[in-house]
Amino acid sequence: MESVIGLEVHAELLTRSKIFCGCSAGFGAPPNTNVCPVCLGMPGVLPVLNRRVVEFAIRAGLATGCAVAPSSIFARKNYFYPDIPKGYQISQYELPICAGGHIDVVTEAGTKRVGLTRIHMEEDTGKNVHDAHVADSLVDFNRSGVPLLEIVSEPDLRTPGEAGAYLRTLRSILQYLEVCDGNMEEGSFRCDANVSVRPRGQKELGTKVEIKNMNSFRAVERALVYEIARQEQAIADGERIVQETRLWDADREETRSMRSKESAHDYRYFPDPDLLPLAVEPAWIAEIRRTMPELPAERRARLEREHGLSAYDADVLTQRKDVADYFEAGVRAGAPAKDMANWTMTEILRMVRDEKLDEALVIRTWPIGPTQLAKLIRLVTTGVVNRNTAKGLLPKLRGTELDPQELVRREGLAQVSDRAALEAAVRDVIARCPDQVAQIRAGKEKVMGFLVGQVMKATGGKANAQMVQDLLRAALAQSS
Amino acid sequence: MSALHDLSLRDAAMRVRRREVSAVELTRAILERIAATEPQVGAYLTVCGDEALAAAAAIDRRLAAGEDVGRLAGVPVALKDIICTAGVRTTAGSRILERFVPPYDATVTARLREAGAVIVGKLNCDEFAMGSSTENSGLGTTRNPWDGTRVPGGSSGGSAAAVAARSCFGALGTDTGGSIRLPAAYCSVVGLKPTYGRVSRYGVMAYASSLDQVGPLARDVADTAVLFDAIAGHDPRDSTSSPRPSRALAGSLEGGVRGLRLGMPREYFVEGMQPDVERAVREAVRVLEGAGASVESVSLPHSEYAIATYYLVATAEASSNLARYDGVRYGLRVANPGSSVGEMYAETRAAGFGAEVKRRIMLGTYALSAGYYDAYYLKALQVRTLIAQDFTKALAGCDALVAPIAPTTAFRLGEKTADPLTMYLSDIFTISVNLAGLPGMSIPCGFDGDGLPVGLQLIGKPFDEATLLRVAAAYEGSTDWHQRGPRL
């Protein structure tokens, strides 16, 4: 059997104001404070489209090779729910703003092109709040009218792993475009999955099931693994798959039936008569195209080419735009590319994760500035400090604007490369450790490390490790 | 000297500006007139006397300080109760909004206030503007001031009745399928339905968004033009409002009709019309010819599909527009809302909406349903295009069209309430104009044998309200129908 997966992503846009009114689209305000008659759907109010939302949609479309429609239409999606104030949601249905693009996803099996059916704009709904302390349910309309892009893929994905890679790539693109912060936990990057299974080689699609309620990449992959297994088992047992919507229960690690197609909504879509068809002039598209940023795939290729990085390193560094920016700033400040890449990927990203700085779209408060790190790396490559000493300095540099060289001087940590001093220390260690010396002579090379460690200890960790090695070997050869 | 309430809107405004009469005096006079006529007419759902007197006093203070207070300075006007007024309840004639107080003004409300008008009250209408007699109001009965056993027309029945009763100097109504023009005709006042997009709909509770348009009702053509100038023009809060600037028309009604070409749609003079109505309309056309207009016959071949088209487009939009009245955030919520949110919706809407509104919501819901959309809603949109093209062709050869407003004069209260389809035919001559988005106007052109008013309809090219007002002014100058008032 093979599985067939298509994904629908809702990306909340980083506009300052909502899609049809001037209210703030910011996250986290007290309930019902970012609201006005328009986003509350009061009697008589009318929507006015936010131009910035259209620009963001076009940016997303251009970045994914979509055709931008010269004329697109807003529709009403009619259904009753307490969190939709008008009794309908304004969305796009026929004639969306973007259609027919693709995203190239790097998977273990190579690069895979995933088609995009469409990208359209819509308004978010409010949020029902079921407070245990009050008998009634309450509604918070702060999110009502916050702009969303819905990005619908073709059913081109075959495995949960591909689905995960697609989502990461898509999120990365949206972050590069600075249109969405991609935060799944806060709901600004939400995903529904359509999945079906069929015998390998069969052309027709099996009956599809929609899975909702997945709020992390891990949840998406786990839910797909579960659902594919469930469908394969059902077919093996001779059951028929019913078309339905299922919810992912992350605690119980299973999908659960939510509603079947029979009880599915008839949304009664029709063109919203309060909004004129949206005309996008070619000049506007051209203007947006001129200001498009470099996208992750282009940047990955450029880092490999310009800095000689491995494909793996380039991939890690370009998943986030701010990380790639950090890396390049360090290189510009004089750090060798390979060293800057290593330090960024290991030490810096670990600190960023520990301090949860990566949850924002852009990391503005790096624990250590790229120029600072570049200087520190230069201290290692020029032999002023050894690598271990440099690592030990990171906590002291964190959150400061200290010059690493200044810090080394102040703390007296400069590497000891004084030949006479090191020779004395080597002689002393050889004299103190006759057993280990004998073992090395018997061929146990590993014990060498112990002797190096002893010398380092004697010099307070500041000894030039390479010189210690060389001197030790010379001394052992001489006295044998 | 006649009573203050008998003045024209222009005279009243001029006297306030010259400080011959204070805005407070004028407002008191209208409040007294309301008190005197309301027992017979029932046009008002809400009289906001305190707010009106406070606004009038503010106008007087500003006048005393030498400020320019606008063309409508201190003149009491009233609004169809579907137009939002901040702090004053706005019900749409519906029990579901019986106690709804908007926190904001509609754009037209704000523009009237800016022009110095004093808003004295809110006028009865068919619930959510659905109807042709104002009998669908959930909150009160309005009677025709000319005959208390007759309907005032609808849906802006309160607006027309109040203007006819002289209990305000002018009023705003809305017209989705004839709702300004029909009651204007039935009550013998002037009513203008502007071009779609000429007047902002912001803050006007929507019935059918692609057809609704706000317009003025007044005692004569010049007063109508003054009100129109106050409310017309682009509004950035209404995406469907036209960006094209609106030219002030109140000062340019002269010029007459000499040399103008008027078209008479053949399809609007049909069997079954009340003979007195046809006679009055044909006589009015002769008067215009006598004033120098040339009149020719034109054809609007798709007229017979207008009613069916309208009841698909309008109800489809209404079914969606009225979904927000669900008992969740404002308005009525039934005392025992059941055990689920679905039951709460159903119970609230069942109790809050009247029969006609429910009928139209169901019709519209059906027309938009999966599997029926193409056959009904989409087909209606296609026919709508044909109807609009009829007008484009007819108006290519002439400056305006002249036609009757309705096949009959005002019918009796209760006469058609049991038969909605018969009621729908009242709008047979007005509905196409909304489908085409054109400006239309009703002016008094006579009376039938029972002394009931007859209206003449003028239909113009898009954004050419100027020609309509000019033709209307020329006609008015040759007749005295508009000077007659009901005995109250």
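For the structure itself, consult the block above.
Let me begin by describing the structure that accompanies this report. In this text the structure is predicted, and so the values were computed from the model without any measurement.

When helices and strands are counted, chain B shows 15 helices and eleven strands. For a compact globule of 488 residues, the expected C-alpha radius of gyration is about 23 Å, and chain B comes in at 21 Å, within 12% of that figure. When its C-alpha atoms are laid out on the principal axes, chain B stretches across 65 × 55 × 45 Å. For chain B, buried positions account for 63% of its 488 residues. Contacts spanning at least 24 positions in sequence make up 76% of the contacts within chain B whose residues lie at least 6 apart. Taken as a whole, chain B presents about 16,600 Å² of accessible surface, with 51% of it coming from carbon and sulfur. Of the charged side chains in chain B, 50 are positive and 52 negative, and the gap between their average positions amounts to 2 Å.

The subject of this paragraph is the sheet that holds strand β11 (residues 453–460) of chain B. Residue and element names in this part refer to chain B. Reading across from one edge, β1-β3-β2-β4-β6-β5-β10-β11-β9-β7-β8 is the order of the eleven strands in this open sheet, with mixed pairing throughout. Among the strands making up the open sheet, the edge pair consists of β1 (44–47) and β8 (294–298). Each strand of the sheet is rotated relative to its neighbour by a mean of 30°, with strand direction disregarded. Pairing of strand β9 (residues 400–404) with β11 involves five bridges; the strand directions are antiparallel. Among the inter-strand pairings, Ala 400 is bridged to a residue of β11, identified as Gly 460. Here helix α3 (residues 49–64) sits on the sheet and contacts β1 and β3 (118–123); the angle it forms with β3, its principal contact strand, is near 160°. The sheet strands contacting helix α4 (residues 107–114) are β2 (76–80), β3, β4 (170–174) and β6 (214–218), and the helix crosses β2 at an angle near 180°.

A few words now on the nonpolar core. Counting residues in each nonpolar core, the largest one holds 154 residues, and the members touching the most others are Leu 112, Phe 128, Phe 391 and Met 441 of chain B. Excluding residues that lie within four positions of it along the chain, Met 441 of chain B makes contacts with Arg 181, Val 190, Gly 191, Leu 192, Val 221, Ile 405, Leu 456, Gln 457, Leu 458, Leu 468, Leu 469 and Ala 472 of chain B. Counting 66 residues, the second-largest nonpolar core is a separate cluster that includes Val 114, Leu 116, Cys 180 and Ile 228 of chain A.

This part takes up the environment of Val 385 of chain A. Residue and element names in this part refer to chain A. When you line up the elements, Val 385 lands in the loop between α9 (370–381) and α10 (387–397). Judged by its relative accessible area of 1%, Val 385 is buried. Residues Val 385 and Ser 417, 32 residues apart in the sequence, show an inter-C-alpha distance of 9.8 Å.

So, about the interface of chain B and chain A. With 37 residues of chain B at the interface, the matching set in chain A holds 30 residues. Both faces combined, the contact of chain B with chain A buries some 2,700 Å², and carbon together with sulfur accounts for 59% of it. Applying the counting rule to chain B against chain A returns one salt bridge. In this structure, Asp 274 of chain A and Arg 201 of chain B form a salt bridge, with 3.1 Å as the shortest nitrogen-oxygen distance. For the interface between chain B and chain A, the tally reads 17 residue pairs in polar contact (both at pLDDT 80 or more). Elements supplying a minimum of two residues to the side of chain B that touches chain A: α9 (306–321), α10 (341–352) and α11 (355–368) of chain B. Looking at side-chain class alone, the side of chain B that touches chain A contains 20 nonpolar, ten polar and seven charged residues.

Paired through their backbone hydrogen bonds, the strands of a sheet run either parallel or antiparallel. Spatially, the three strands line up as an open sheet ordered β5-β4-β15 (chain A), and their pairing is antiparallel. On the outer flanks of this sheet lie β5 (88–92) and β15 (270–271) of chain A, each paired with one strand and no other. Where α9 of chain B meets the sheet, it contacts β4 (74–78), β5 and β15 of chain A, and its direction lies at approximately 65° from that of β4 of chain A.

Definitions and limits used
Residues numbered from 1 in each chain as written. Chains lettered and ligands numbered in written order. Predicted model: local features only at pLDDT ≥ 70, side-chain atom pairs only at ≥ 80, totals over all residues. Heavy atoms only, no water. Helix = DSSP H or I, 4+ residues; strand = E, 2+ residues; numbered from the N terminus. Rg over C-alpha atoms; globule rule 2.2 N^0.38 Å. Buried < 20%, exposed > 50% of the residue type's maximum accessible area, 1.4 Å probe, protein only. Contact = heavy atoms within 4.5 Å. Areas by Shrake-Rupley, 256 points an atom, 1.4 Å probe, with all protein chains shown as cover. Lys, Arg positive; Asp, Glu negative; His and termini not counted. Charge placed at Lys NZ, Arg CZ, Asp CG, Glu CD. Pairing = 2+ DSSP bridges. Axes fitted to C-alpha atoms, helices over the stretch in contact; angles between N-to-C directions. Core = buried A, V, L, I, M, F, W, Y, C linked by side-chain atoms within 4.5 Å. Buried area = accessible area lost by both parts, 1.4 Å probe. Salt bridge = Lys/Arg side-chain N within 4 Å of Asp/Glu carboxyl O. Polar contact = N/O pair within 3.5 Å; in protein donor to acceptor, adjacent residues only side chain to side chain. Nonpolar A, V, L, I, M, F, W, Y, C, P; charged D, E, K, R; others polar.

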